[in-house]
Amino acid sequence: MSQLFQPLSFSRGPTMKNRFMLAPLTNTQSHEDGVLSDEEFTWLTMRAEGGFGLTMTCAAHVQAVGQGFPGQLGVFSDKHIEGLSHLAATIKAHSSVAICQLHHAGMRSPSELIVTEPVSPSGDEKTGARALSLVEIEQLVADFVAAAVRSQEAGFDGIEIHGAHSYILCQFLSSENNQRDDLYGGSLENRSRIFFEILDGIREQCRDDFMVGVRLSPERFGLVLSEVQTVAQQLMSTGQIDFLDMSLWDVFKEPNEEAMQGRTLMSYFTELERGEVRLGVAGKIRTPEEAEKALAAGADWIMLGRAAILHHDFPNRYLEDPIFKPIENPVARSHLVDEGLSDKFITYMQSWEGFVAKE
Ligand SMILES: Cc1cc2nc3c(=O)[nH]c(=O)nc-3n(C[C@H](O)[C@H](O)[C@H](O)COP(=O)(O)O)c2cc1C
């Protein structure tokens, strides 16, 4: 049988029944105050039912001021716990590991949405973001930790810290965004400090078997591949995390940085010393063959984003049919309705070039 259907254990938390994770996918279906809606519940639990070994929520914001999208799921207040509890319980009832992704958009929070100016490690003219004070950084760390505690209370098996895609933690990492000259700016050690402070807090305040992952992306937004590789290695070496999620946008691509070309971007992470930490990758895995190839290239697990939007039961279908061929984009709205997407989510997917057919 394919390696994709071999179980995967972690240093903490439950075992995944297979190697398929549902990627965190913003779907704009939550209520205005970040409370989970029935539409978002349906979309996610259908994926758990469809065979994903781990089902991750979309990016859920840990502070109101960190909201990045309308209709974003929130985890910044106790009012979110009831909806999240129902979600976590149902995901787990389908024998899928339940993970909540913790997020703060930083300077990428639209000011009209948060009705104040966005915050970031440093001020930014283009977005109108203002720099965080040291006290506010302390609060940001505390709020990531509080969101992890809230996720635990809601019954999730663990959380993933969203450190990718130029959101606030990535803004700290990027010397382009981060111009601070205090403990949080300058050297790579300082720019990555906040990750380790959040992890320390989570490990102190959450139960011993609470699973923690970190998501990083290694390119664009002023990131330097060798620096992201160093941080990835440190994250794995401290033993504070259970899985590292590398968001590569294309798992088979070569790096953008010319000096690093000649091998895949992914290989810079599979070559690291992972210890007990499980490494996975996301980016343009569309078919079972591509999933097999990514696993064979050294990942412990793979993540499906758009392929999981197209088929809620991608893992189960592949299990039942070794020659399963996913549908090709663009797809009709009716296909997405059948796959459990509400009108709001389908409209959002229209902003992803070539995904939904024009009618
Ligand atoms: C509609 C959409 C929403 C996304 N939302 C998130 C998100 O909330 N958090 C995150 O870390 N990545 C997000 N991503 C990135 C995906 O998790 C994934 O890494 C990316 O889509 C590449 O995988 P794929 O080619 O299988 O879709 C999003 C991607 C898409 C297409």
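Preceding this section is the structure that the text describes.
Note that this is a predicted model, so its numbers are computed, not measured.

Asks: How should I be thinking about the overall build of the chain in this particular structure?
Replies: Counting its regular elements, the chain contains 14 helices and 10 strands. Over its C-alpha trace the chain gives a radius of gyration of 19 Å, about what one expects of a compact globule, namely 21 Å for 359 residues. Taking the principal axes of its C-alpha atoms as reference, the chain extends roughly 55 × 45 × 45 Å. When each of the 359 residues of the chain is scored for burial, the buried share is 49%. Of the contacts formed within the chain by residues at least 6 apart in sequence, a portion of 69% connects residues at least 24 apart.

Asks: How should unusual backbone geometry be read in this particular structure?
Replies: Most peptide bonds take the trans form, and the phi angle of most residues other than glycine is negative. Along the chain, Asn 329 connects to Pro 330 via a cis peptide bond; the corresponding omega equals -5°. The residue Pro 330 is located in the loop between helix H12 (314-320) and helix H13 (333-338) in this model. Despite not being glycine, Arg 220 has its phi angle at roughly 65°, a positive value. As for its placement among the helices and strands, Arg 220 is situated in the loop between strand S7 (211-216) and helix H8 (225-238).

Asks: Hey, could you run me through H8 in this one?
Replies: The α-helix winds at 3.6 residues per turn, so residues separated by three or four positions along the chain end up facing the same way. In this model H8 runs 20 Å from its N-terminal to its C-terminal C-alpha over 14 residues, within 8% of the 20 Å that 1.5 Å per residue would give. Listed as buried for H8 are Val 228, Val 231, Ala 232, Leu 235 and Met 236. Burial along H8 is one-sided: seen end-on, the buried residues are contained in an arc of 135°. Of the surrounding elements, those touching the buried residues of H8 are helix H5 (168-173), helix H7 (193-205), S7, strand S8 (243-247) and helix H9 (267-270).

Asks: What is the right way to look at the site of the ligand in this model?
Replies: As a structural note, the neighbourhood of the ligand is formed by 22 residues, with Ala 23, Thr 26, Ala 59, Gly 305 and Arg 306 the closest of them. Contributing elements (two or more residues each) for the shell around the ligand: strand S2 (54-61) and helix H11 (306-310).

Asks: Help me understand helix H4 (residues 134-153), please; the structure alone is not making it clear to me.
Replies: Here H4 is 20 residues long and its end C-alpha atoms lie 29 Å apart, about the 28 Å a rise of 1.5 Å per residue gives. Looking only at H4, the buried set comprises Ile 137, Leu 140, Val 141, Asp 143, Phe 144, Val 145, Ala 146, Ala 147, Ala 148, Arg 150 and Ser 151. Structurally, H4 contributes buried residues whose contacts are with helix H2 (81-93), strand S3 (97-103), strand S6 (158-162) and H7. In the segment just after H4, Gly 155 is the residue with positive phi, at about 100°.

Asks: How should I be thinking about the sheet that holds S2 in this particular structure?
Replies: Strand pairing in a sheet relies on backbone hydrogen bonds, with the paired strands running either antiparallel or parallel. Strand order in the closed barrel formed by eight strands is S1-S2-S3-S6-S7-S8-S9-S10, and the pairing between neighbours is parallel. Between one strand axis and the next, the sheet turns by 25° as a mean value, whatever way the strands run. Sheet analysis places S3 next to S6, joined by four bridges and oriented parallel. Residue pairing in the sheet places Ile 99 in a bridge with Gly 158 of S6.

Asks: Got a minute to help me understand the environment of Ile 168 in this structure?
Replies: Assignment of secondary structure puts Ile 168 in helix H5. The buried category is assigned to Ile 168, around which 31 C-beta atoms lie within 10 Å. Once you skip the residues sitting within four places of it in the chain, Ile 168 turns out to touch Gly 66, His 104, Ala 105, Gly 106 and Ser 120.

Asks: Is there a simple way to explain the environment of Gly 283 in this structure?
Replies: Tracing the backbone shows Gly 283 in the loop between strand S9 (278-282) and helix H10 (288-296). Its 21 C-beta neighbours within 10 Å are what place Gly 283 among the buried residues. Expressed as a C-alpha distance, the spacing of Gly 283 and Phe 69, which sit 214 residues apart in the sequence, is 21 Å.

Asks: I'm lost on the nonpolar core in this one. Help?
Replies: Burial of nonpolar side chains together is a common tendency in soluble globular proteins. Judged by nonpolar contacts, the single largest core of 106 residues is most densely connected at Leu 102, Phe 144, Val 281, Ile 302 and Leu 304. Per-element tally for this core: the top contributor is H4, with eight residues. Once residues lying within four places of it in the same chain are set aside, the contact partners of Val 281 are Met 246, Leu 248, Val 251, Met 266, Ala 294, Ala 299, Ile 302 and Met 303.

Asks: Even after reading the chapter, I still don't get the packing of helix H1 (residues 38-49) against H2, so can you show me in this structure?
Replies: The interhelical angle for the contact between H1 and H2, taken along N-to-C directions, is 20°, at an axis separation of 9 Å. Here H1 lies roughly parallel to H2, going by the angle between them. Handedness of the crossing formed by H1 with H2: right-handed. Contact with H1, carried on its side by Phe 41, Leu 44, Thr 45 and Ala 48, involves His 86, Leu 87, Thr 90 and Ile 91 of H2 and no other residues of that element.

Asks: For this particular structure, what's the right way to read the environment of Cys 100?
Replies: Residue position: Cys 100 is located in strand S3. Take Cys 100: there are 28 C-beta atoms within 10 Å of it, and that puts it in the buried class. Between the C-alpha atom of Cys 100 and that of Glu 353, which follows or precedes it by 253 residues, the distance is 27 Å. In this structure Cys 100 touches Thr 57, Ala 60, Val 75, Leu 84, Ser 151, Phe 156 and Ile 159, once residues within four positions along its chain are discounted.

Conventions adopted
- Residues numbered from 1 in each chain as written.
- Predicted model: local features only at pLDDT ≥ 70, side-chain atom pairs only at ≥ 80, totals over all residues.
- Helix = DSSP H or I, 4+ residues; strand = E, 2+ residues; numbered from the N terminus.
- Rg over C-alpha atoms; globule rule 2.2 N^0.38 Å.
- Buried ≥ 20, exposed ≤ 12 C-beta atoms within 10 Å, placed from the backbone.
- Contact = placed C-beta atoms within 7 Å.
- Expected span 1.5 Å × (residues − 1).
- Arc of directions from axis to C-beta.
- Near = placed C-beta within 6 Å.
- Pairing = 2+ DSSP bridges.
- Axes fitted to C-alpha atoms, helices over the stretch in contact; angles between N-to-C directions.
- Core = buried A, V, L, I, M, F, W, Y, C linked by C-beta atoms within 7 Å.
- Parallel < 35°, antiparallel > 145°, perpendicular 65-115°, else oblique.
- Left-handed = near helix turned anticlockwise from the far one by under 90°.

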